[in-house]
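So you can see what is in the structure, the chains are spelled out below.
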Amino acid sequence: MDQVFDGVSSVLKACQGLKTPCYVIDEKKLERNAEVLASVISHTGCRILLAQKAFSNYDFYPLISGYISGTEASGLFEAKLGKEEMPEGEVHVFSAAYRDDEISEIISCADHIVFNSIYQLKKFGPAAKKAGRSLGLRINPECSTQEGHEIYDPCAAGSRLGVTRGIWDREMTPEAIALLDGIHFHTLCEQGSDALEITLRAVEEKFGDILPQMKWLNMGGGHHITKEGYDVARLEKLLIYAKEKWDVQVYLEPGEAVALNAGYLLSRVLDVVENSGVKIAILDASAACHMPDVIEMPYTPPLLNASAGSSKQYVYTLAGPTCLSGDVIGQYGFDAELKTGDMLVFGDMAIYTTCKNNTFNGMPLPDLYRLKEDGRAERLTDFGYSDFKRRLGSS
Ligand SMILES: *Cc1c(COP(=O)(O)O)cnc(C)c1O
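Computed from a prediction, not measured in an experiment: that's the story for all the values here. (Residues numbered from 1 in each chain as written. Predicted model: local features only at pLDDT ≥ 70, side-chain atom pairs only at ≥ 80, totals over all residues. Heavy atoms only, no water.)

(A) The arrangement of the site of the ligand in detail. The environment of the ligand is made up of 13 residues, and the closest members are Lys 53, Gly 222, Glu 253, Glu 256 and Tyr 352. Here an oxygen atom of the ligand and a backbone polar atom of Gly 255 are 2.9 Å apart. Between an oxygen atom of the ligand and a side-chain N or O atom of Tyr 352, the distance comes to 2.6 Å. Summarising the interface, the protein chains cover 90% of the accessible area of the ligand, which totals 390 Å² for the free molecule. Considering only residue class, the shell around the ligand consists of 4 nonpolar, 5 polar and 4 charged. (Near = heavy atom within 4 Å. Polar contact = N/O pair within 3.5 Å; in protein donor to acceptor, adjacent residues only side chain to side chain. Areas by Shrake-Rupley, 256 points an atom, 1.4 Å probe, with all protein chains shown as cover. Nonpolar A, V, L, I, M, F, W, Y, C, P; charged D, E, K, R; others polar.)

(B) Local environment of the packing of aromatic side chains. Applying the stated rule across the entire model yields 9 aromatic pairs. Note that Arg 138 overlies the ring of Phe 94, its terminal NZ or CZ placed 4.7 Å from the centroid. (Phe/Tyr/Trp six-rings, centres within 6.5 Å; stacked < 30°, edge-to-face > 60°. Lys NZ or Arg CZ within 6 Å of the ring centre and 35° of its normal.)

(C) Structural view of helix α11 (residues 232-246). Its 15 residues place the ends of α11 21 Å apart at the C-alpha level, agreeing with the 21 Å of an ideal helix rising 1.5 Å per residue. All buried positions along α11 are accounted for by Leu 235, Glu 236, Leu 238, Leu 239, Ala 242 and Trp 246. Down the axis of α11, the sector holding all buried residues measures 160°, keeping them to one side. Pointing more than 90 degrees away from the buried face of α11 are the exposed residues Ala 233, Lys 237 and Glu 244. Lining the buried residues of α11 we find α3 (27-44), α10 (193-207), β8 (216-218) and β9 (249-252). Positive backbone phi, at 55°, marks Asp 247, one or two positions downstream of α11. (Helix = DSSP H or I, 4+ residues; strand = E, 2+ residues; numbered from the N terminus. Expected span 1.5 Å × (residues − 1). Buried < 20%, exposed > 50% of the residue type's maximum accessible area, 1.4 Å probe, protein only. Arc of directions from axis to C-beta. Contact = heavy atoms within 4.5 Å.)

(D) Representation of the packing of α3 against α11. Viewed as axis vectors pointing N to C, α3 and α11 meet at an angle of 40°, and their least axial separation amounts to 10 Å. Between α3 and α11, the interaxial angle falls into the category oblique. The handedness of the crossing between α3 and α11 comes out as right-handed. Along its contact with α3, which presents Ser 39, Val 40, His 43 and Thr 44, the element α11 presents Val 232, Leu 235, Glu 236, Leu 239, Ile 240 and Lys 243. (Axes fitted to C-alpha atoms, helices over the stretch in contact; angles between N-to-C directions. Parallel < 35°, antiparallel > 145°, perpendicular 65-115°, else oblique. Left-handed = near helix turned anticlockwise from the far one by under 90°.)

(E) The side chain of Glu 72, seen in detail. Among the secondary structure elements, Glu 72 is positioned in strand β3 (residues 70-73). Of the side chains with opposite charge, Lys 53 comes closest to the buried, unpaired Glu 72, at an N-O distance of 6.1 Å. Setting aside its immediate chain neighbours within four residues, Glu 72 contacts Leu 49, Leu 50, Ala 51, Gln 52, Glu 78, His 92, Phe 94 and Glu 253. (Lys, Arg positive; Asp, Glu negative; His and termini not counted. Salt bridge = Lys/Arg side-chain N within 4 Å of Asp/Glu carboxyl O.)

(F) View of helix α7 (residues 118-130). The terminal C-alpha atoms of α7, which comprises 13 residues, lie 18 Å apart, in line with the 18 Å expected from a rise of 1.5 Å per residue. Its axis deflected by about 50° at Phe 124, α7 carries its strongest bend there, up to four residues before the proline Pro 126. Those residues of α7 lying buried are Ile 118, Gln 120, Leu 121, Phe 124, Gly 125 and Ala 128. Against α6 (103-109), β5 (112-115), β6 (134-138), α8 (165-171) and α9 (174-179) lie the buried residues of α7. Once α7 ends, the next one or two residues include Gly 132, with phi positive near 90°. (Bend = angle between axes of the 7 residues up to and from the residue.)

(G) Expanded view of the pattern of salt bridges. Tallied over the full model, the rule gives 22 salt bridges. Residues Lys 129 and Asp 181 are paired through a salt bridge, measuring 2.7 Å at the closest nitrogen-oxygen approach. Placement of Lys 129 in helix α7 and of Asp 181 in the loop between α9 and β7 (182-184) is noted, with a sequence separation of 52 residues between them. Look at Lys 129 and you get partly exposed, because its relative accessible area is 28%. With relative accessibility at 5%, the residue Asp 181 sits in the buried group. Ionic pairing is found between Glu 197 and Arg 234, a salt bridge with its closest N-O pair at 2.6 Å. Of this pair, Glu 197 sits in helix α10 while Arg 234 sits in helix α11, and the two are 37 residues apart along the sequence. Here the salt bridges share partners, and the residues they tie into one network are Glu 197, Arg 201, Asp 231 and Arg 234.

So, in C-alpha coordinates, the structure goes:
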(Lines give C-alpha, C1' and ligand atoms only; values in the text may rest on other atoms or scores of the structure.)
Protein backbone atom coordinates (compact mmCIF):
# COMPACT_ATOMS: atom_id res chain seq x y z
CA MET A 1 0.00 0.00 0.00
CA ASP A 2 2.87 2.36 0.82
CA GLN A 3 4.23 2.43 -2.69
CA VAL A 4 0.74 3.08 -4.10
CA PHE A 5 0.00 6.20 -2.05
CA ASP A 6 3.53 7.43 -1.46
CA GLY A 7 3.43 11.18 -2.15
CA VAL A 8 -0.37 11.34 -2.23
CA SER A 9 -0.41 14.27 0.21
CA SER A 10 0.67 16.56 -2.63
CA VAL A 11 -2.21 15.24 -4.72
CA LEU A 12 -4.68 16.01 -1.95
CA LYS A 13 -3.24 19.49 -1.52
CA ALA A 14 -3.31 20.36 -5.22
CA CYS A 15 -6.57 18.67 -6.18
CA GLN A 16 -9.05 19.34 -3.35
CA GLY A 17 -11.27 21.63 -5.44
CA LEU A 18 -11.17 19.75 -8.73
CA LYS A 19 -14.27 18.58 -10.48
CA THR A 20 -14.52 14.80 -10.19
CA PRO A 21 -14.14 12.24 -11.53
CA CYS A 22 -10.68 13.06 -12.82
CA TYR A 23 -7.32 11.39 -13.24
CA VAL A 24 -4.22 12.93 -11.74
CA ILE A 25 -0.89 11.75 -13.12
CA ASP A 26 2.07 12.36 -10.86
CA GLU A 27 5.22 13.40 -12.70
CA LYS A 28 7.48 12.65 -9.79
CA LYS A 29 6.30 9.05 -9.54
CA LEU A 30 6.50 8.60 -13.30
CA GLU A 31 10.05 9.86 -13.19
CA ARG A 32 10.94 7.51 -10.36
CA ASN A 33 9.76 4.53 -12.44
CA ALA A 34 11.67 5.84 -15.44
CA GLU A 35 14.85 6.08 -13.36
CA VAL A 36 14.54 2.40 -12.39
CA LEU A 37 14.16 1.44 -16.05
CA ALA A 38 17.06 3.68 -17.08
CA SER A 39 19.30 1.93 -14.61
CA VAL A 40 18.40 -1.47 -16.08
CA ILE A 41 19.30 -0.05 -19.50
CA SER A 42 22.64 1.23 -18.28
CA HIS A 43 23.53 -1.99 -16.42
CA THR A 44 22.67 -4.36 -19.28
CA GLY A 45 22.74 -2.52 -22.60
CA CYS A 46 19.13 -3.56 -23.22
CA ARG A 47 16.59 -1.17 -24.70
CA ILE A 48 13.25 -0.49 -23.06
CA LEU A 49 10.11 0.65 -24.88
CA LEU A 50 6.87 2.02 -23.49
CA ALA A 51 3.98 -0.32 -24.40
CA GLN A 52 1.45 2.39 -25.21
CA LYS A 53 -1.60 0.20 -24.81
CA ALA A 54 -1.10 0.48 -21.03
CA PHE A 55 -0.31 4.18 -20.88
CA SER A 56 -0.53 6.57 -23.79
CA ASN A 57 -0.99 9.95 -22.17
CA TYR A 58 1.44 11.60 -24.53
CA ASP A 59 1.74 14.82 -22.55
CA PHE A 60 4.17 12.77 -20.45
CA TYR A 61 6.20 11.33 -23.33
CA PRO A 62 8.78 14.16 -23.24
CA LEU A 63 9.46 13.31 -19.61
CA ILE A 64 9.66 9.55 -20.21
CA SER A 65 11.70 9.76 -23.41
CA GLY A 66 14.69 11.08 -21.52
CA TYR A 67 15.00 7.70 -19.82
CA ILE A 68 13.86 4.97 -22.21
CA SER A 69 14.43 3.96 -25.82
CA GLY A 70 11.08 4.46 -27.54
CA THR A 71 7.55 3.16 -27.87
CA GLU A 72 5.78 -0.09 -28.67
CA ALA A 73 2.45 -0.08 -30.49
CA SER A 74 -0.39 -2.55 -30.95
CA GLY A 75 -1.24 -1.26 -34.40
CA LEU A 76 -1.31 1.73 -36.71
CA PHE A 77 -2.78 4.39 -34.43
CA GLU A 78 -0.45 3.71 -31.52
CA ALA A 79 2.50 3.53 -33.92
CA LYS A 80 1.56 6.97 -35.30
CA LEU A 81 1.18 8.32 -31.79
CA GLY A 82 4.60 7.02 -30.78
CA LYS A 83 6.20 8.44 -33.91
CA GLU A 84 4.53 11.84 -33.42
CA GLU A 85 4.89 12.24 -29.69
CA MET A 86 8.18 10.44 -28.96
CA PRO A 87 9.95 11.12 -32.25
CA GLU A 88 13.42 10.73 -30.78
CA GLY A 89 12.67 7.11 -29.79
CA GLU A 90 12.37 3.89 -31.75
CA VAL A 91 8.88 2.84 -32.87
CA HIS A 92 8.04 -0.87 -32.65
CA VAL A 93 4.76 -2.48 -33.56
CA PHE A 94 3.22 -5.86 -32.96
CA SER A 95 -0.26 -6.78 -34.11
CA ALA A 96 -1.98 -10.15 -34.13
CA ALA A 97 -2.79 -9.46 -37.79
CA TYR A 98 -2.01 -6.50 -40.05
CA ARG A 99 -4.46 -5.19 -42.66
CA ASP A 100 -3.78 -4.64 -46.34
CA ASP A 101 -5.00 -1.06 -46.12
CA GLU A 102 -2.79 -0.14 -43.16
CA ILE A 103 0.50 -1.89 -43.73
CA SER A 104 2.12 0.80 -45.89
CA GLU A 105 1.47 3.48 -43.29
CA ILE A 106 2.77 1.16 -40.58
CA ILE A 107 5.90 0.59 -42.63
CA SER A 108 6.32 4.34 -42.95
CA CYS A 109 6.26 5.01 -39.21
CA ALA A 110 7.62 1.87 -37.47
CA ASP A 111 11.27 0.88 -37.14
CA HIS A 112 10.52 -2.67 -36.03
CA ILE A 113 7.54 -4.66 -37.27
CA VAL A 114 6.72 -7.90 -35.48
CA PHE A 115 4.46 -10.44 -37.16
CA ASN A 116 2.27 -12.98 -35.43
CA SER A 117 2.32 -15.64 -38.14
CA ILE A 118 4.58 -16.94 -40.85
CA TYR A 119 1.81 -16.21 -43.36
CA GLN A 120 1.82 -12.50 -42.44
CA LEU A 121 5.62 -12.42 -42.44
CA LYS A 122 5.66 -13.83 -45.98
CA LYS A 123 2.85 -11.54 -47.11
CA PHE A 124 4.06 -8.19 -45.77
CA GLY A 125 7.72 -8.87 -44.93
CA PRO A 126 9.29 -8.29 -48.37
CA ALA A 127 7.85 -4.76 -48.73
CA ALA A 128 8.75 -3.85 -45.15
CA LYS A 129 12.27 -5.21 -45.63
CA LYS A 130 12.68 -3.23 -48.84
CA ALA A 131 11.77 -0.08 -46.92
CA GLY A 132 14.60 -0.84 -44.50
CA ARG A 133 12.53 -2.01 -41.55
CA SER A 134 13.72 -4.51 -38.97
CA LEU A 135 11.41 -7.53 -38.93
CA GLY A 136 10.51 -9.94 -36.18
CA LEU A 137 8.26 -12.91 -35.55
CA ARG A 138 6.41 -13.48 -32.32
CA ILE A 139 6.98 -16.96 -30.97
CA ASN A 140 4.91 -18.86 -28.46
CA PRO A 141 7.19 -20.80 -26.12
CA GLU A 142 4.16 -22.74 -24.78
CA CYS A 143 5.22 -22.00 -21.24
CA SER A 144 2.46 -20.72 -18.94
CA THR A 145 3.78 -19.11 -15.78
CA GLN A 146 0.54 -17.60 -14.52
CA GLU A 147 -2.55 -19.10 -13.00
CA GLY A 148 -6.11 -17.88 -12.85
CA HIS A 149 -5.85 -15.07 -15.41
CA GLU A 150 -6.40 -16.96 -18.61
CA ILE A 151 -7.42 -13.87 -20.59
CA TYR A 152 -4.00 -12.37 -19.81
CA ASP A 153 -2.04 -15.54 -20.62
CA PRO A 154 -0.73 -15.66 -24.22
CA CYS A 155 0.47 -19.23 -23.55
CA ALA A 156 -2.96 -20.51 -22.52
CA ALA A 157 -4.17 -23.52 -24.50
CA GLY A 158 -5.54 -22.48 -27.88
CA SER A 159 -3.91 -19.04 -27.82
CA ARG A 160 -3.67 -17.21 -31.17
CA LEU A 161 -0.58 -15.31 -30.03
CA GLY A 162 2.79 -16.38 -31.35
CA VAL A 163 4.14 -19.18 -33.50
CA THR A 164 4.78 -22.48 -31.74
CA ARG A 165 7.81 -24.53 -32.64
CA GLY A 166 5.56 -27.13 -34.24
CA ILE A 167 4.08 -24.56 -36.62
CA TRP A 168 7.51 -23.02 -37.22
CA ASP A 169 8.84 -26.41 -38.38
CA ARG A 170 5.81 -26.98 -40.60
CA GLU A 171 5.60 -23.56 -42.29
CA MET A 172 8.97 -21.81 -42.13
CA THR A 173 10.91 -21.49 -45.38
CA PRO A 174 14.46 -20.32 -46.06
CA GLU A 175 13.08 -17.21 -47.83
CA ALA A 176 10.94 -16.30 -44.82
CA ILE A 177 13.70 -16.85 -42.31
CA ALA A 178 15.97 -14.66 -44.41
CA LEU A 179 13.52 -11.78 -43.80
CA LEU A 180 13.85 -12.07 -40.03
CA ASP A 181 16.00 -9.82 -37.86
CA GLY A 182 14.56 -10.77 -34.52
CA ILE A 183 12.40 -12.92 -32.31
CA HIS A 184 9.69 -11.58 -30.02
CA PHE A 185 7.95 -13.23 -27.11
CA HIS A 186 5.40 -11.82 -24.69
CA THR A 187 4.05 -14.22 -22.11
CA LEU A 188 4.02 -12.44 -18.74
CA CYS A 189 1.54 -10.24 -16.86
CA GLU A 190 2.51 -8.42 -13.65
CA GLN A 191 5.21 -11.02 -13.01
CA GLY A 192 8.63 -11.24 -11.44
CA SER A 193 11.99 -12.09 -12.97
CA ASP A 194 11.63 -15.66 -11.69
CA ALA A 195 8.81 -16.15 -14.24
CA LEU A 196 11.01 -14.59 -16.92
CA GLU A 197 13.76 -17.04 -16.05
CA ILE A 198 11.42 -20.01 -16.52
CA THR A 199 10.16 -18.54 -19.78
CA LEU A 200 13.63 -17.80 -21.12
CA ARG A 201 14.60 -21.40 -20.43
CA ALA A 202 11.59 -22.57 -22.49
CA VAL A 203 12.50 -20.14 -25.27
CA GLU A 204 16.04 -21.47 -25.30
CA GLU A 205 14.85 -25.08 -25.34
CA LYS A 206 12.44 -24.52 -28.23
CA PHE A 207 14.17 -21.80 -30.28
CA GLY A 208 17.78 -21.87 -29.06
CA ASP A 209 18.98 -23.02 -32.48
CA ILE A 210 17.33 -20.02 -34.20
CA LEU A 211 18.49 -17.23 -31.89
CA PRO A 212 22.15 -17.05 -32.97
CA GLN A 213 20.91 -16.09 -36.46
CA MET A 214 18.99 -13.10 -35.04
CA LYS A 215 20.03 -9.50 -34.38
CA TRP A 216 17.60 -8.90 -31.56
CA LEU A 217 15.38 -10.59 -29.01
CA ASN A 218 12.34 -8.75 -27.66
CA MET A 219 11.11 -10.15 -24.33
CA GLY A 220 7.77 -8.33 -24.41
CA GLY A 221 6.05 -6.82 -21.40
CA GLY A 222 4.48 -8.00 -18.17
CA HIS A 223 7.69 -7.41 -16.21
CA HIS A 224 6.71 -5.77 -12.92
CA ILE A 225 10.11 -4.09 -12.75
CA THR A 226 9.13 -0.98 -10.79
CA LYS A 227 7.08 -2.82 -8.19
CA GLU A 228 8.51 -2.94 -4.70
CA GLY A 229 10.30 -6.24 -4.17
CA TYR A 230 10.89 -7.01 -7.87
CA ASP A 231 14.20 -8.81 -8.25
CA VAL A 232 15.96 -6.41 -10.63
CA ALA A 233 19.34 -8.11 -10.19
CA ARG A 234 17.93 -11.37 -11.53
CA LEU A 235 16.35 -9.55 -14.47
CA GLU A 236 19.67 -7.93 -15.31
CA LYS A 237 21.43 -11.30 -15.11
CA LEU A 238 18.93 -12.76 -17.59
CA LEU A 239 19.25 -9.83 -19.99
CA ILE A 240 23.03 -10.11 -19.99
CA TYR A 241 22.82 -13.90 -20.39
CA ALA A 242 20.66 -13.55 -23.52
CA LYS A 243 22.84 -10.81 -24.98
CA GLU A 244 26.04 -12.83 -24.53
CA LYS A 245 24.67 -16.26 -25.36
CA TRP A 246 23.04 -15.31 -28.67
CA ASP A 247 24.81 -12.02 -29.45
CA VAL A 248 21.49 -10.17 -29.70
CA GLN A 249 20.26 -6.70 -28.81
CA VAL A 250 17.71 -7.32 -26.07
CA TYR A 251 14.48 -5.32 -25.85
CA LEU A 252 11.83 -5.12 -23.14
CA GLU A 253 8.49 -3.41 -23.72
CA PRO A 254 6.74 -2.98 -20.38
CA GLY A 255 3.58 -0.90 -20.14
CA GLU A 256 2.48 -1.27 -16.57
CA ALA A 257 5.99 -0.88 -15.10
CA VAL A 258 6.43 2.52 -16.76
CA ALA A 259 3.44 4.14 -15.08
CA LEU A 260 2.90 1.86 -12.09
CA ASN A 261 1.34 3.78 -9.19
CA ALA A 262 1.88 7.05 -11.06
CA GLY A 263 -1.76 8.07 -11.24
CA TYR A 264 -4.92 8.47 -9.18
CA LEU A 265 -8.60 8.52 -9.97
CA LEU A 266 -10.39 11.09 -7.84
CA SER A 267 -14.07 10.55 -7.22
CA ARG A 268 -16.81 11.84 -4.93
CA VAL A 269 -19.71 10.15 -3.17
CA LEU A 270 -23.03 11.09 -4.77
CA ASP A 271 -25.33 9.06 -2.53
CA VAL A 272 -25.40 6.24 -0.01
CA VAL A 273 -28.17 3.67 -0.35
CA GLU A 274 -28.92 0.47 1.50
CA ASN A 275 -30.13 -3.00 0.54
CA SER A 276 -30.44 -6.00 2.91
CA GLY A 277 -28.18 -4.38 5.47
CA VAL A 278 -25.48 -3.60 2.90
CA LYS A 279 -24.52 0.06 2.57
CA ILE A 280 -23.72 1.07 -0.98
CA ALA A 281 -21.98 4.32 -1.83
CA ILE A 282 -22.72 5.52 -5.36
CA LEU A 283 -19.72 7.39 -6.74
CA ASP A 284 -19.33 9.75 -9.69
CA ALA A 285 -16.71 7.33 -11.10
CA SER A 286 -17.69 4.08 -12.78
CA ALA A 287 -15.85 0.76 -12.79
CA ALA A 288 -17.31 -0.06 -16.20
CA CYS A 289 -16.27 3.25 -17.79
CA HIS A 290 -13.23 4.44 -15.88
CA MET A 291 -11.52 1.36 -14.43
CA PRO A 292 -12.64 -1.48 -16.72
CA ASP A 293 -9.92 -3.87 -15.51
CA VAL A 294 -11.66 -3.92 -12.13
CA ILE A 295 -14.39 -5.87 -13.90
CA GLU A 296 -12.32 -7.60 -16.61
CA MET A 297 -9.42 -8.88 -14.57
CA PRO A 298 -11.10 -8.67 -11.97
CA TYR A 299 -9.45 -6.90 -9.04
CA THR A 300 -10.21 -4.51 -6.19
CA PRO A 301 -8.28 -1.28 -6.66
CA PRO A 302 -6.38 0.35 -3.79
CA LEU A 303 -8.25 3.19 -2.10
CA LEU A 304 -6.68 5.82 0.14
CA ASN A 305 -7.58 5.58 3.86
CA ALA A 306 -9.64 2.45 3.33
CA SER A 307 -9.00 -1.26 3.20
CA ALA A 308 -10.56 -3.77 0.87
CA GLY A 309 -12.94 -6.13 2.66
CA SER A 310 -14.76 -5.73 5.92
CA SER A 311 -11.97 -5.42 8.49
CA LYS A 312 -12.79 -1.81 9.44
CA GLN A 313 -15.82 -0.51 11.30
CA TYR A 314 -17.74 1.19 8.48
CA VAL A 315 -18.15 -1.09 5.50
CA TYR A 316 -19.47 0.02 2.12
CA THR A 317 -19.80 -1.41 -1.33
CA LEU A 318 -18.53 1.25 -3.74
CA ALA A 319 -20.34 1.38 -7.05
CA GLY A 320 -20.64 3.52 -10.16
CA PRO A 321 -23.50 5.73 -11.32
CA THR A 322 -24.36 3.74 -14.46
CA CYS A 323 -27.32 1.42 -14.99
CA LEU A 324 -25.13 -1.70 -14.99
CA SER A 325 -25.85 -3.79 -11.89
CA GLY A 326 -22.29 -5.05 -12.01
CA ASP A 327 -20.78 -1.56 -12.04
CA VAL A 328 -19.24 -2.33 -8.67
CA ILE A 329 -15.74 -1.33 -7.63
CA GLY A 330 -15.61 -3.45 -4.50
CA GLN A 331 -16.23 -3.67 -0.79
CA TYR A 332 -14.15 -1.43 1.49
CA GLY A 333 -13.89 -0.64 5.17
CA PHE A 334 -13.45 2.92 6.52
CA ASP A 335 -12.74 4.44 9.96
CA ALA A 336 -15.65 6.87 9.60
CA GLU A 337 -19.02 7.00 7.94
CA LEU A 338 -19.08 8.01 4.28
CA LYS A 339 -21.06 11.13 3.43
CA THR A 340 -22.27 12.67 0.21
CA GLY A 341 -19.49 14.84 -1.23
CA ASP A 342 -16.61 12.91 0.37
CA MET A 343 -13.66 12.59 -1.96
CA LEU A 344 -12.22 9.12 -2.58
CA VAL A 345 -8.78 8.57 -4.09
CA PHE A 346 -8.12 5.35 -5.99
CA GLY A 347 -4.47 4.43 -6.47
CA ASP A 348 -2.50 2.95 -9.38
CA MET A 349 -4.89 4.48 -11.89
CA ALA A 350 -2.51 5.64 -14.63
CA ILE A 351 -2.34 2.25 -16.36
CA TYR A 352 -4.99 0.53 -18.45
CA THR A 353 -7.48 3.26 -17.52
CA THR A 354 -7.45 6.49 -19.54
CA CYS A 355 -6.64 4.52 -22.70
CA LYS A 356 -9.57 2.13 -22.07
CA ASN A 357 -12.20 4.66 -21.03
CA ASN A 358 -15.61 4.67 -22.66
CA THR A 359 -18.73 6.79 -22.48
CA PHE A 360 -21.29 4.05 -21.79
CA ASN A 361 -24.49 5.55 -20.35
CA GLY A 362 -23.31 8.92 -21.63
CA MET A 363 -20.77 9.06 -18.84
CA PRO A 364 -18.35 11.94 -19.35
CA LEU A 365 -14.68 11.13 -19.83
CA PRO A 366 -12.84 12.21 -16.68
CA ASP A 367 -10.42 15.05 -17.31
CA LEU A 368 -6.68 14.45 -17.03
CA TYR A 369 -4.45 16.49 -14.77
CA ARG A 370 -0.69 16.62 -14.50
CA LEU A 371 0.66 16.87 -10.97
CA LYS A 372 3.83 18.82 -11.60
CA GLU A 373 7.03 18.51 -9.64
CA ASP A 374 6.35 21.91 -8.07
CA GLY A 375 3.15 20.52 -6.53
CA ARG A 376 0.67 22.27 -8.82
CA ALA A 377 -2.02 20.45 -10.78
CA GLU A 378 -2.35 21.39 -14.45
CA ARG A 379 -5.43 20.46 -16.45
CA LEU A 380 -4.56 18.72 -19.74
CA THR A 381 -7.99 18.06 -21.24
CA ASP A 382 -11.42 19.60 -21.49
CA PHE A 383 -13.66 16.62 -22.18
CA GLY A 384 -17.35 17.19 -22.52
CA TYR A 385 -20.57 16.40 -24.34
CA SER A 386 -18.97 16.74 -27.78
CA ASP A 387 -16.52 13.87 -27.08
CA PHE A 388 -19.51 11.63 -26.35
CA LYS A 389 -21.59 12.77 -29.29
CA ARG A 390 -18.87 12.81 -31.95
CA ARG A 391 -18.36 9.06 -31.74
CA LEU A 392 -22.01 8.27 -32.28
CA GLY A 393 -23.02 10.04 -35.43
CA SER A 394 -22.55 12.42 -38.28
CA SER A 395 -22.75 15.82 -36.70
C1 LIG B 1 0.43 -6.02 -23.21
C2 LIG B 1 1.69 -6.07 -23.93
C3 LIG B 1 2.82 -5.41 -23.43
C4 LIG B 1 2.82 -4.65 -22.13
O5 LIG B 1 2.41 -5.41 -21.05
P6 LIG B 1 2.45 -4.86 -19.55
O7 LIG B 1 1.84 -5.98 -18.78
O8 LIG B 1 1.65 -3.61 -19.47
O9 LIG B 1 3.88 -4.64 -19.20
C10 LIG B 1 3.97 -5.48 -24.19
N11 LIG B 1 4.03 -6.17 -25.36
C12 LIG B 1 2.96 -6.81 -25.87
C13 LIG B 1 3.07 -7.52 -27.15
C14 LIG B 1 1.75 -6.78 -25.17
O15 LIG B 1 0.70 -7.42 -25.68
